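Spelled out, the chains give:
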Amino acid sequence: MRRPMRVVQPQKEGPPANEDISSPEVQLIDAEGDNQGVVRTRDALAAAQESGLDLVLIAPNSKPPVAKMLDLGRYKYAAQKKAAEARKRQKVIEVKEVQLRPNIDTHDYETKMKRVERFIGDGDRVKVTMRFRGREMAHQDLGLELLTKVREQFDEIAKVESQPRSEGRQMVMVLAPR
């Protein structure tokens, strides 16, 4: 026998407002920002409806909860804009990767280092990976020397977040901007 599907009530976004306020008394702040003191919730709701505004809980965890008379739609819109502005100003730090080989030529090395310098200048972290193939595994000291050279070259503009460490057939070092 199939059970009937239970209807899930939609969750309301934002702070509790108007009839959603369950507290018997609230600390009321009117539309001008003046404190009216502790008032019964029914009286505060009637005063808010009389002035054409909503009663919104601003501090629901205080005793008694603080409620303010304001336009709920405008309040939600301002909060949404504030959150969008905060997301826009947020800088996401990415980890860029540069791969090297132990027998890299000087021009190739310089090109890779220009890329590392650009990444660090943009504020990103850089993962420098030294790849070893075949018999190059027997000469990991050459790779370590090359990573040490990279570390010394960028000592002024970057700090070493993780020292060169061997992970199987590769050696990894992470640089972060100072």
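Predicted model only: the values in this text are computed from it and were never measured.

## Some words on the nonpolar core
Ranked by internal contacts, the top residues of the largest apolar core, which has 19 residues, are L100, V116, V128, V150 and L175. Every element with two or more residues in this core is listed here: β5 (95-100), α3 (106-121), β6 (125-131), α4 (140-153) and β8 (170-177). The biggest single contributor to this core is α3, with five residues. Residue contacts for V128: discarding those within four places in its chain leaves V98, L100, L147, V150, M171, V172, M173 and L175. Core analysis: the second largest hydrophobic core is formed by eleven residues, I21, V26, L28 and L55 among them.

## Examining the pairing of β5
For a regular strand, the rule is simple: side chains alternate between the two faces of the sheet. In the sheet, β5 pairs with β6 via six bridges, with the strands oriented parallel. The residue bridging Q99 from the neighbouring strand is T129, located in β6. Between the parallel elements β5 and β6, the chain passes through α3 in a crossover that is right-handed.

## A short note on the environment of I120
On the secondary structure map, I120 appears in helix α3. When neighbours within four sequence positions are excluded, I120 is seen to be in contact with V126, I157, A158, L175 and P177.

## Brief notes about the pattern of salt bridges
Here the structure, examined in full by the defined rule, presents eight salt bridges. Of the charged contacts, one joins E85 and R89 as a salt bridge, the two residues approaching to 3.8 Å between their closest N and O atoms. Taken together, the residues E85 and R89, both in helix α2 (residues 72-89) and four residues apart, mark about one turn of the helix. E136 is the partner of R101 in a salt bridge, and the nearest nitrogen-oxygen pair spans 2.7 Å. Here E136 lies in the loop between β6 and α4 and R101 lies in the loop between β5 and α3, a separation of 35 residues in the sequence. Residue E136 is classed as buried on the basis of its relative accessible area of 16%. Through salt bridges that share partners, E85, K88 and R89 make up one connected network.

## Here's the deal with the environment of R131
Tracing the backbone through its elements, the reader meets R131 in strand β6. R131 sits 47 residues away from R178 along the chain, and the two C-alpha atoms are 26 Å apart. Setting aside anything within four residues of it in sequence, one finds R131 in contact with Q99, L100, R101, P102, E136, R169 and Q170. Within the structure, the side chain of R131 is placed 2.9 Å from the side chain of Q170, a separation counted as a polar contact.

Parameters at a glance
Residues numbered from 1 in each chain as written. Predicted model: local features only at pLDDT ≥ 70, side-chain atom pairs only at ≥ 80, totals over all residues. Heavy atoms only, no water. Core = buried A, V, L, I, M, F, W, Y, C linked by side-chain atoms within 4.5 Å. Buried < 20%, exposed > 50% of the residue type's maximum accessible area, 1.4 Å probe, protein only. Helix = DSSP H or I, 4+ residues; strand = E, 2+ residues; numbered from the N terminus. Contact = heavy atoms within 4.5 Å. Pairing = 2+ DSSP bridges. Right-handed = clockwise from strand over helix to strand, strands pointing away. Salt bridge = Lys/Arg side-chain N within 4 Å of Asp/Glu carboxyl O. Polar contact = N/O pair within 3.5 Å; in protein donor to acceptor, adjacent residues only side chain to side chain.

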